[in-house]
Amino acid sequence: MAPIKVMDMKYAERMADDAQVQASEPIYKRHKCLSCGVICGVLILLVVLILVILALTVFKARDPDIMVNKVTLQNLNVTFDLPTSLMPQVNLQIMLNISVHNPNKATFKYTNSTSVLYYHNLTVGQAPISAGRIGAGGTENKNLVLTVQANRFLQGMSFLNDFVAGVIPVSTVSRISGRVNILNLFKHHAVSTAYCDTTVFVTNATLKDFVCRYKVKL
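Looking at an unreviewed UniProt entry, one finds the chain named Late embryogenesis abundant protein LEA-2 subgroup domain-containing protein and attributed to Sphagnum troendelagicum.

What follows is the structure in structure tokens.
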């Protein structure tokens with residue numbers, strides 16, 4: 001009968017060891033899950049940190065540059081509707097050559113806009129700027145033709161005086177509005193505007209040197 005007792009004791013010890021192993025398994029699993037969670041959290045933080053650093057350095061959003069390269073008087077026509085009216089009828093066309101540069105590492109998308117021609121703060125003509133996109137580091141050139149009909153000028157109170165003096169002061173406002181989307185995470189919106197002033201000399205159909213200034217609104 002003694003050998004049976006020895007076997008019972010060994011069986012009991014084995015059962016106790018198995019019980020300890022089973023009791024320690026949940027603790028091990030909990031530590032393993034906790035370690036995995038910590039590692040995943042650290043990796044996510046590192047990815048976010050890298051994206052933020054890239055967004056502030058290499059992919060830092062910058063405003064597009066709009067530039068008026070040339071202003072040309074394409075047409076000037078002066079007529080008189082005698083004897084119905086003694087007021088001069090002035091029709092003219094002014095062409096703007098503008099360029100828009102995208103300094104970003106991502107595509108710049110801009111919406112429909114306009115270039116407006118003013119005479120003493122009175123809107124006398126405009127040209128559409130169609131929506132489009134400019135690739136990373138790219139530049140796009142546009143020719144905008146602003147046409148003014150005679151009746152537009154006649155709405156100005158000082159038009160007759162300016163015409164007699166031989167000079168018609170005009171100004172243009174060209175605006176580009178768009179957005180840069182970086183990595184589908186960071187969106188940068190800006191409005192770039194070019195203001196130009198010039199004078200039309202009626203006697204010889206020329207333009208005085210134009211002066212432009214630029215403004216960016218975030």
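Asker: Please clarify how the overall build of the chain should be interpreted in this entry.
Answerer: Secondary structure summary: the chain contains three helices and 11 strands in total. Beginning at the N terminus, the succession of helices and strands in the chain can be written as α-β-β-β-β-β-β-β-α-α-β-β-β-β. When burial is assessed residue by residue, the chain has 30% of its 218 residues classed as buried. Within the chain, contacts between residues separated by at least 24 positions form 65% of all contacts whose residues are at least 6 apart in sequence. A total accessible area of about 13900 Å² is found for the chain, and carbon and sulfur atoms account for 60% of it.

Asker: How should I be thinking about the state of the cysteines in this particular structure?
Answerer: Two cysteines joined by a covalent bond between their sulfur atoms form a disulfide. In this structure the tally under the stated criterion is one disulfide. With a sulfur-sulfur separation of 1.9 Å, cysteine 196 is cross-linked through a disulfide to cysteine 212. Since a negative S-S torsion denotes a left-handed disulfide, the cysteine 196-cysteine 212 link at about 105° is right-handed. Linking cysteine 196 in strand S9 (residues 186-201) with cysteine 212 in strand S11 (residues 211-217), this pair joins segments that are 16 residues apart in sequence.

Asker: I would appreciate a short explanation of the sheet that holds strand S7 (residues 139-148) in the present structure.
Answerer: Where strands meet in a sheet, backbone hydrogen bonds hold them as pairs that are either parallel or antiparallel. Here three strands make up an open sheet; going across it, the order is S1-S2-S7 and the pairing antiparallel. For this open sheet the edge positions go to strand S1 (65-80) and S7, each flanked by a neighbour on one side alone. In this sheet, neighbouring strand axes are inclined to one another by 10° on average, regardless of whether the strands run parallel or antiparallel. Pairing analysis gives 14 bridges linking S1 to strand S2 (residues 88-101), with the strands arranged antiparallel. Within S2, the position partnered with threonine 72 by the bridge is methionine 95.

Asker: Looking at this structure, I do not really get the environment of cysteine 196. What am I missing?
Answerer: Cysteine 196 gets classed as buried once you look at its relative accessible area, which sits at 4%. For the pair cysteine 196 and leucine 117, spaced 79 residues apart in sequence, the C-alpha separation works out to 9.5 Å. Filtering out sequence-adjacent residues up to four positions away, cysteine 196 remains in contact with Val68, Val170, Ser171, Thr172, Phe210, Val211 and Cys212.

Asker: Explain the nonpolar core here, please?
Answerer: Side chains of nonpolar character tend, in soluble globular proteins, to be buried together. Counting residues in hydrophobic clusters, the biggest one holds 34 residues, and the most contacted among them are Leu92, Ile94, Phe153 and Ile168. Top contributing element to this core by residue count: S2, with six residues. Residue contacts for phenylalanine 153: discarding those within four places in its chain leaves Val90, Leu92, Tyr119, Val124, Val148, Phe159, Ile168 and Val170.

Asker: In this structure, what is going on with the pairing of S9? I would like to understand it.
Answerer: If a strand is regular, its side chains alternate between the two faces of the sheet. In this structure, strand S8 (residues 167-182) lies alongside S9, joined through 16 bridges in antiparallel fashion. Among the inter-strand pairings, arginine 179 is bridged to a residue of S9, identified as histidine 189. In sequence, S8 turns back onto S9 through a hairpin of three residues, with leucine 183 there showing a positive phi of about 55°. Here S9 runs beside strand S10 (residues 206-207); their pairing, made up of two bridges, is antiparallel. Residue pairing in the sheet places phenylalanine 201 in a bridge with threonine 206 of S10. The hairpin turn running from S9 into S10, its antiparallel successor, is four residues long, and alanine 205 in that turn takes a positive phi close to 55°.

Asker: Mind showing me how you'd approach the packing of aromatic side chains here?
Answerer: For any pair of aromatic rings, geometry is given as the distance between the ring centres together with the angle between the planes. Under the criterion given, the structure shown has six aromatic pairs. A ring pair is formed by tyrosine 119 and phenylalanine 153, whose centres lie 5.4 Å apart and whose planes are at 85°; its orientation type is edge-to-face. In this pair, tyrosine 119 sits in strand S4 (residues 113-119) while phenylalanine 153 sits in helix H2 (residues 150-154), placing the two residues 34 residues apart along the sequence. The class for tyrosine 119 is buried, based on a relative accessible area of 1%. Judged by its relative accessible area of 0%, phenylalanine 153 falls in the buried class. Seen from their ring centres, phenylalanine 153 and phenylalanine 159 are 5.5 Å apart, and the 10° between their planes marks the pair as stacked. Given a relative accessible area of 1%, phenylalanine 159 falls into the buried group.

Asker: Help me out: how do you make sense of a nonpolar patch on the surface in this one?
Answerer: On the surface, a nonpolar cluster with roughly 620 Å² of combined accessible area is contributed by Val38, Ile39, Val42, Leu43, Leu46, Leu49 and Ile53. Relative to the assigned elements, valine 42 resides in helix H1 (residues 2-56).

Criteria and cut-off values
- Residues numbered from 1 in each chain as written.
- Predicted model: local features only at pLDDT ≥ 70, side-chain atom pairs only at ≥ 80, totals over all residues.
- Heavy atoms only, no water.
- Helix = DSSP H or I, 4+ residues; strand = E, 2+ residues; numbered from the N terminus.
- Buried < 20%, exposed > 50% of the residue type's maximum accessible area, 1.4 Å probe, protein only.
- Contact = heavy atoms within 4.5 Å.
- Areas by Shrake-Rupley, 256 points an atom, 1.4 Å probe, with all protein chains shown as cover.
- Disulfide = S-S within 2.5 Å.
- Pairing = 2+ DSSP bridges.
- Axes fitted to C-alpha atoms, helices over the stretch in contact; angles between N-to-C directions.
- Core = buried A, V, L, I, M, F, W, Y, C linked by side-chain atoms within 4.5 Å.
- Phe/Tyr/Trp six-rings, centres within 6.5 Å; stacked < 30°, edge-to-face > 60°.
- Patch = residues over 30% accessible without salt bridge, like charges linked within 9 Å, V, L, I, M, F, W, Y side chains within 5 Å.
- Salt bridge = Lys/Arg side-chain N within 4 Å of Asp/Glu carboxyl O.

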